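Listed here are the chains, written in short residue letters.
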Amino acid sequence: MTALQQSAELFEQLTGRAPDGIWSAPGRVNLIGEHTDYNDGFVLPFAIPHRTYAAAGMRDDGRIRVVSTFAGDQPVEVALDELATLFPTPTGEEPAVAEWAAYPLGVAWALQLATPSTGSGTTRSGTQFKGVDIAIASEVPVGAGLSSSAAIEGATASALNDLWDTALDRTALARIGRRAENEAVGAPTGIMDQMASMLGEPDAAIFLDCRTLDANLVQVGIAEAGLAILIMDTRVQHSHATGGYRERREACERGAAIMGVPALRDVSVADLGRAEKLMDDVTFRRVRHIVTENQRVLDTVTTLRERGARAIGDLLVASHASMRDDFEISVPELDTAVDAALAAGAIGARMTGGGFGGAAIALIERDGVQAVSDAVTADFAASGFAAPHIFTVTPAAGARRDT
Ligand code: GLA
């Protein structure tokens with residue numbers, strides 16, 4: 001059964017009827033530009049074929065009920081006007097509902113806040129915020145750094161935007177997803193994942209300026225160049241609601257304050273000498289990663305446009321080294337995946353996503369998929385790591401209504 005069918009079936013089990021529609025949104029990988037999004041910088045992600053489906057339908061009361069295949073099919077139900085008592089989740093605390101449910105319920109909460117009511121229970125367009133049932137099924141691996149969370153947010157936001165007739169555009173829906181993640185789930189992430197999931201297009205990466213949210217599609221031409229992109233999911237689970245991610249973000253904010261700028265986007269590679277004199281070693285290395293990574297995104301976009309995908313390998317490798325040595329967000333499994341892929345002939349490889357686990361990507365010859373996969377699997381076994389999950393991806397479509 002496909003995830004689309006699973007969402008429909010789950011909906012019918014919950015409600016005894018067919019859904020009004022099914023909406024979906026994809027996970028993403030980031031080609032390059034890591035931790036630059038919350039520094040107002042540049043990123044170059046693309047949506048992947050793996051999607052999360054939300055089968056949804058209106059109900060006559062003002063309640064919202066969500067159910068998902070992640071959670072033993074246990075529904076969570078609240079009154080819509082109770083959402084404001086659940087969220088925002090205080091910093092450092094667990095959400096008041098099961099964490100998976102904080103994503104869709106957080107989206108409903110943020111969507112209501114983004115569309116101020118014109119009276120009791122009505123939106124700007126005069127539509128009532130009616131009750132809704134949502135059943136979620138996903139094929140995006142969870143905890144793999146492939147934005148399973150943005151996929152839930154994108155599918156839910158798209159469903160509610162249509163059912164509630166709120167007529168928000170894709171960028172507004174991406175912001176709503178991020179708000180749910182930041183304030184309902186409590187993960188201090190940037191906007192990259194939600195924008196990639198909303199705006200994805202087949203064969204293209206999204207060159208996003210995270211300050212202006214100006215997005216331009218860049219053709220990656222992977223297939224034309226005879227290449228493939230391999231995902232190497234280390235199966236080391238990570239969470240961005242806790243620990244390292246937040247600390248890195250704080251170090252970046254400290255670095256920007258020391259440099260007297262609103263965000264590290266405003267520091268250039270030429271400023272790094274001055275930065276080094278002004279800050280402690282750890283803060284400086286965090287800053288150096290962001291500043292050089294922003295430049296690598298710009299260089300990757302130019303290189304893709306002028307010379308094609310085959311020419312970006314060194315930029316990917318430099319990005320990984322910077323995350324491993326300066327930003328210190330890699331783990332031995334990610335380094336092993338990258339090193340083994342390169343040793344087996346990959347053109348470039350790097351960890352992707354927030355780090356501390358999750359997946360790495362490798363840009364490889366299309367006929368090298370088996371050899372590189374075998375080499376990575378063998379090195380994992382030799383290092384005593386659990387077997388990685390390895391598969392290829394191509395850039396895919398963003399959020400949409402499926403039925
Ligand atoms: C996670 C976050 C993103 C981004 C990446 C790192 O995926 O959700 O906002 O910060 O990490 O680039």
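Residues numbered from 1 in each chain as written. Predicted model: local features only at pLDDT ≥ 70, side-chain atom pairs only at ≥ 80, totals over all residues. Heavy atoms only, no water.

## A closer look at the sheet that holds strand E2 (residues 42-43)
And step 1. Spatial strand order, E2-E7-E8: three strands in an open sheet with antiparallel pairing. Since the sheet does not close on itself, it has two edges, and those belong to E2 and strand E8 (214-219), each with one partner.
And step 2. Bridging between strand E7 (residues 204-209) and E8 involves six bridges; their strand directions are antiparallel. Directly across from leucine 208, in E8, lies its bridge partner alanine 215.
And step 3. Against the sheet, helix H6 (residues 192-199) makes contact with E2, E7 and E8, and its axis sits at roughly 135° relative to E7, the strand it touches most.
And step 4. Across the sheet, helix H9 (residues 281-307) is in contact with E2, E7 and E8; its angle to E8 comes to roughly 45°. (Pairing = 2+ DSSP bridges. Helix = DSSP H or I, 4+ residues; strand = E, 2+ residues; numbered from the N terminus. Contact = heavy atoms within 4.5 Å. Axes fitted to C-alpha atoms, helices over the stretch in contact; angles between N-to-C directions.)

## Observations regarding the packing of helix H3 (residues 99-114) against helix H4 (residues 148-163)
And step 1. Relative orientation of the contacting elements H3 and H4 amounts to 45°, with a least axis distance of 9 Å. Of the possible angle classes, the one that applies to H3 and H4 is oblique. Judged by the twist between their axes, the crossing of H3 over H4 is right-handed. Within the contact between the two elements, H3 uses Tyr103, Pro104, Val107, Ala108 and Leu111 and H4 uses Ser149, Ile152, Glu153, Thr156, Ala157, Leu160 and Asn161.
And step 2. Looking at the contact of H3 with H4, its residues break down into eight nonpolar, three polar and one charged. (Parallel < 35°, antiparallel > 145°, perpendicular 65-115°, else oblique. Left-handed = near helix turned anticlockwise from the far one by under 90°. Nonpolar A, V, L, I, M, F, W, Y, C, P; charged D, E, K, R; others polar.)

## Focus: the domain arrangement of the protein chain
Often the size quoted for an interface is simply the accessible area lost on bringing the parts together.
And step 1. Each domain of the protein chain was delimited in the assignment, giving domain 1 (3-217) and domain 2 (221-393).
And step 2. Summarising the inter-unit geometry, the C-alpha centres of domain 1 and domain 2 are found 26 Å apart.
And step 3. At the interface, 39 residues of domain 1 touch 47 residues of domain 2.
And step 4. Across the domain 1 to domain 2 interface the summed buried area is about 3400 Å²; carbon plus sulfur atoms make up 64%.
And step 5. Summed over the shared surface of domain 1 and domain 2, the result is three salt bridges.
And step 6. Here aspartate 266 makes a salt bridge to arginine 211, at a shortest N to O gap of 2.8 Å.
And step 7. Viewed at the interface, domain 2 and domain 1 are joined by 17 residue pairs in polar contact (both at pLDDT 80 or more).
And step 8. Elements that contribute at least two residues to the side of domain 1 that touches domain 2 include exactly strand E1 (21-30), E2, strand E3 (45-59), E7 and E8.
And step 9. Sorting elements by how many residues they give to the side of domain 1 that touches domain 2 places E3 first, with four residues.
And step 10. Partitioned by chemical class, the residues of the side of domain 1 that touches domain 2 number 18 nonpolar, 14 polar and seven charged. (Domains from an automatic or database assignment. Buried area = accessible area lost by both parts, 1.4 Å probe. Salt bridge = Lys/Arg side-chain N within 4 Å of Asp/Glu carboxyl O. Polar contact = N/O pair within 3.5 Å; in protein donor to acceptor, adjacent residues only side chain to side chain.)

## Here we look at the sheet that holds strand E10 (residues 348-351)
And step 1. The strand order across the open sheet formed by four strands is E10-E11-E9-E12, and the pairing between neighbours is antiparallel. Each of the sheet's edge strands pairs with one partner strand only, and the pair in question is E10 and strand E12 (389-393). On average, adjacent strands in this sheet sit at an angle of 20° to one another, irrespective of strand direction.
And step 2. Against the sheet, helix H11 (residues 332-343) engages strand E9 (227-233), E10 and strand E11 (359-365), with an angle of about 175° to E10.

## As for the nonpolar core
And step 1. Ile64, Leu83, Phe87, Leu105 and Ile134 are the most contacted members of the largest nonpolar core, which has 54 residues in total.
And step 2. Looking at which element gives the most residues to this core, the answer is H3, with ten residues.
And step 3. Membership of the second largest hydrophobic core comes to 36 residues, among which are Ala340, Ala341, Met351 and Ala362. (Core = buried A, V, L, I, M, F, W, Y, C linked by side-chain atoms within 4.5 Å. Buried < 20%, exposed > 50% of the residue type's maximum accessible area, 1.4 Å probe, protein only.)

## Observations concerning the site of the ligand
And step 1. Around the ligand, the structure places 13 residues, and the nearest of them are Glu34, His35, Asp37, Asp193 and Tyr245.
And step 2. Between the ligand and histidine 35, the relevant distance is 2.6 Å, taken from an oxygen atom to a main-chain nitrogen or oxygen of the residue.
And step 3. Counting only domains with at least three residues in the shell around the ligand, you end up with domain 1 (3-217) and domain 2 (221-393). (Near = heavy atom within 4 Å.)

## Re the side chain of arginine 65
And step 1. Within the secondary structure, arginine 65 is located in strand E4 (residues 63-68).
And step 2. A polar contact of 2.8 Å, which involves the side chain of arginine 65, links it to the side chain of aspartate 133.
And step 3. Contact partners of arginine 65, with chain neighbours within four places excluded, come to Leu14, Thr15, Arg59, Pro75, Val76, Glu77, Val132, Asp133 and Ile134.

## A closer look at helix H1 (residues 3-15)
And step 1. Taking 1.5 Å of rise per residue, the 13 residues of H1 would be expected to cover 18 Å, and the 18 Å separating its terminal C-alpha atoms lies within 8% of that figure.
And step 2. Taken together, the buried positions of H1 are occupied by Ala3, Ser7, Ala8, Leu10, Phe11 and Leu14. For H1, the angular spread of buried residues about the axis comes to 160°, placing them on one side.
And step 3. Buried residues along H1 sit in contact with E1, E3, E4 and strand E6 (131-138). (Expected span 1.5 Å × (residues − 1). Arc of directions from axis to C-beta.)

## Things to note about the pattern of salt bridges
And step 1. Tallied over the full model, the rule gives 23 salt bridges.
And step 2. A salt bridge links arginine 59 to glutamate 77; the shortest N-O distance between them is 3.2 Å. Highlighted residues: arginine 59 in strand E3 and glutamate 77 in strand E5 (residues 76-79), separated in sequence by 18 residues.
And step 3. For glutamate 77, a relative accessible area of 34% translates into the label partly exposed.
And step 4. One salt-bridge network, in which partners are shared between bridges, spans Arg59, Asp61, Arg63, Arg65, Glu77 and Asp133.

## Observations regarding the packing of aromatic side chains
And step 1. With the rule as written, the count across this model stands at five aromatic pairs.
And step 2. Plain terms: the ring middles of phenylalanine 42 and phenylalanine 207 are 5.9 Å apart, the flat faces sit at 35° to each other, and that makes the pair tilted. Of this pair, phenylalanine 42 sits in strand E2 while phenylalanine 207 is found in strand E7, placing the two residues 165 residues apart along the sequence. The pair formed by phenylalanine 42 and phenylalanine 207 is uniform in burial state, with each residue classed as buried.
And step 3. Residues phenylalanine 129 and tryptophan 164 carry aromatic rings whose centres are separated by 4.8 Å and whose planes lie at 70° to one another, so their mutual orientation is edge-to-face. Placement of the pair is phenylalanine 129 in the loop between H3 and E6 and tryptophan 164 in the loop between H4 and helix H5 (170-185), with a sequence separation of 35 residues. (Phe/Tyr/Trp six-rings, centres within 6.5 Å; stacked < 30°, edge-to-face > 60°.)

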